[in-house]
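Structural overview
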Amino acid sequence: MKRNENVIFNVEIKSSDFCICRTARKAVNIIRHYGIDDQVIISSFDINTLLTTRFFHRTIETAYLFRSVDRVVNLEDRKKWSYKANSWVNRTGIKGFLIGVDTLHPEISLFPDNSSEREKLWMKVARWKGKRVNTWTVDTEKELSKAMLAGVRIIISDSVKTGS
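Residue positions are given per chain, counted from 1 along the sequence in the order it is written. Only residues with pLDDT of at least 70 are given local features in this predicted model, and only at 80 or more are side-chain atom pairs given and counted; all residues enter the totals for whole chains, interfaces and linings. Calculation of side-chain values draws on the structure's entire complement of heavy atoms; hydrogens and water are dropped beforehand.

**Notes on the overall build of the protein chain**
Segments assigned H or I by DSSP are reported as helices when at least four residues long, segments assigned E as strands when at least two residues long, and all are numbered from the N terminus. Looking only at helices and strands, one finds six helices and five strands in the protein chain. In sequence order, the protein chain lays out its α and β elements as β-α-β-α-β-α-α-β-α-β-α. As defined in this context, the radius of gyration uses C-alpha atoms, and a globule is described by 2.2 Å times the residue total to the power 0.38. In terms of overall dimensions, the protein chain is globule-like: its C-alpha atoms have a radius of gyration of 17 Å, near the 15 Å expected for 164 residues. Seen along its three principal axes, the alpha-carbon backbone of the protein chain occupies a region of about 45 × 45 × 30 Å. Out of the 164 residues in the protein chain, the part that is buried amounts to 35%. In the protein chain, once contacts between residues fewer than 6 apart in sequence are set aside, the share between residues at least 24 apart is 60%. About 10,600 Å² of surface is accessible on the protein chain, with carbon and sulfur atoms providing 55% of the total. Two residue types count as positive, namely Lys and Arg, and two as negative, namely Asp and Glu; His and chain ends fall outside the count. Here the site of a charge means NZ on Lys, CZ on Arg, CG on Asp, or CD on Glu. Across the protein chain, the centroid of the 28 positively charged side chains sits 4 Å from that of the 19 negatively charged ones. A 1.4 Å probe rolled over the protein chains alone gives each residue an accessible area, and that area as a share of the maximum for its type sets the label: buried under 20%, exposed over 50%, partly exposed in between. Should any heavy atoms of two residues lie within 4.5 Å, those residues are considered in contact. Surface accessibility in these figures is a Shrake-Rupley result with a 1.4 Å probe; residues are shielded only by whichever protein chains are displayed.

And the structure:
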């Protein structure tokens, strides 16, 4: 495989096994095999996956994904106090800070819509702690403007179309 220095690979791992995430361990082995350690970001909503990645590779970039609304299987769960508390914790990115990820990957909806809107607490803490911030899923020009205004490092998109 020919190495392209201008490419960053964001590898999102969806979930993990109890204790050690086998998928993260296999991903680390593949990344080492191809010698692209400095071009890969392992991202996940699952902190166990990120901890496993860090255990098997000390320097690979890890990123905690978080969103504005947690998904649930049973709609009745949304009424529970535990869901509301966990949802608030997830929206703040606090889990990422606690486990020491390099980067935060908040959903684009978690950024202020304009420069006059108050900066979110997680953004202030990220800047204070020197964390990198990337965002997902940026698919419209409005979202792109929002991300650029926030000063994110990398934009993750499902649409590679560019404005002309």
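Anyway, onward from the coordinates.
**Notes on the sheet that holds strand E4 (residues 103–106)**
In short, DSSP must find at least two bridges between two strands for them to pair. In spatial order, the strands read E1-E2-E3-E4-E5; together these five strands make up an open sheet with parallel pairing. Edge strands, defined here as strands with exactly one partner in the open sheet, are strand E1 (9–12) and strand E5 (132–133). The pairing of strand E2 (residues 40–44) with strand E3 (residues 61–66) spans four bridges and is classified as parallel. Considered in E3, the bridge of Ser43 is made with Ala63. Here an axis means a line fitted to C-alpha atoms, over the contact stretch when the element is a helix, while the angle between two N-to-C directions is reported on a 0 to 180 degree scale. Sheet strands in contact with helix H2 (residues 47–56) are E2 and E3, and its direction is about 175° off that of E3. The sheet strands contacting helix H5 (residues 121–129) are E3, E4 and E5, and the helix crosses E4 at an angle near 160°.

**A closer look at the pattern of salt bridges**
In what follows, salt bridge is the name for a side-chain nitrogen of Lys or Arg lying within 4 Å of a carboxyl oxygen of Asp or Glu. Evaluation of the coordinates by the stated rule reveals seven salt bridges. Of the charged contacts in the structure, one is a salt bridge between Asp102 and Arg54, with a shortest N-O distance of 2.6 Å. Within this pair, whereas Asp102 is found in the loop between helix H4 (94–99) and E4, its partner Arg54 is found in helix H2, the two being separated by 48 residues in sequence. Classification of Asp102 as partly exposed rests on a relative accessible area of 22%. If you follow the salt bridges from partner to partner, you end up with Glu61, Arg132 and Arg153 in one network.

**Structural notes on the nonpolar core**
The nonpolar side chains of soluble globular proteins are, as a tendency, buried together. We define a nonpolar core as any set of buried Ala, Val, Leu, Ile, Met, Phe, Trp, Tyr and Cys residues linked to one another through side-chain atoms lying within 4.5 Å. One finds Ile42, Leu104, Phe111 and Trp122 to be the most contacted residues of the largest nonpolar core, which totals 25 residues. Counting residues per element, the ones that place at least two in this core are helix H1 (22–34), E2, E3 and H5. Among all residues touching Trp122, those that are not within four sequence positions of it are Phe66, Arg91, Thr92, Phe97, Leu104, Pro106, Leu110, Phe111 and Val133.

**Observations regarding the pairing of E4**
Covered by surrounding structure in E4 are Thr103 and His105 together with Leu104 and Pro106, the residues of both alternating faces. Direction of pairing for E4 relative to E5: parallel, over a ladder of two bridges. Looking across to E5, one finds that Thr103 is bridged to Arg132. Between the parallel elements E4 and E5, the chain passes through H5 in a crossover that is right-handed. Seen with its strands pointing away from the viewer, a crossover is right-handed if its path from the first strand over the helix to the second goes clockwise.

**Describing the side chain of Thr135**
Structurally, Thr135 can be placed in the loop between E5 and helix H6 (141–150). Counting of polar contacts relies on pairs of N or O atoms within 3.5 Å, with two restrictions inside protein: one atom must be capable of donating a hydrogen and the other of accepting it, and residues adjacent in sequence are counted only when both atoms are side-chain atoms. A polar contact is formed between the side chain of Thr135 and the backbone nitrogen of Ile108, at a distance of 3.3 Å. Aside from chain neighbours lying at most four places away, what touches Thr135 is Pro106, Glu107, Ile108, Phe111, Ala147, Val152, Ile154, Ile155 and Ile156.

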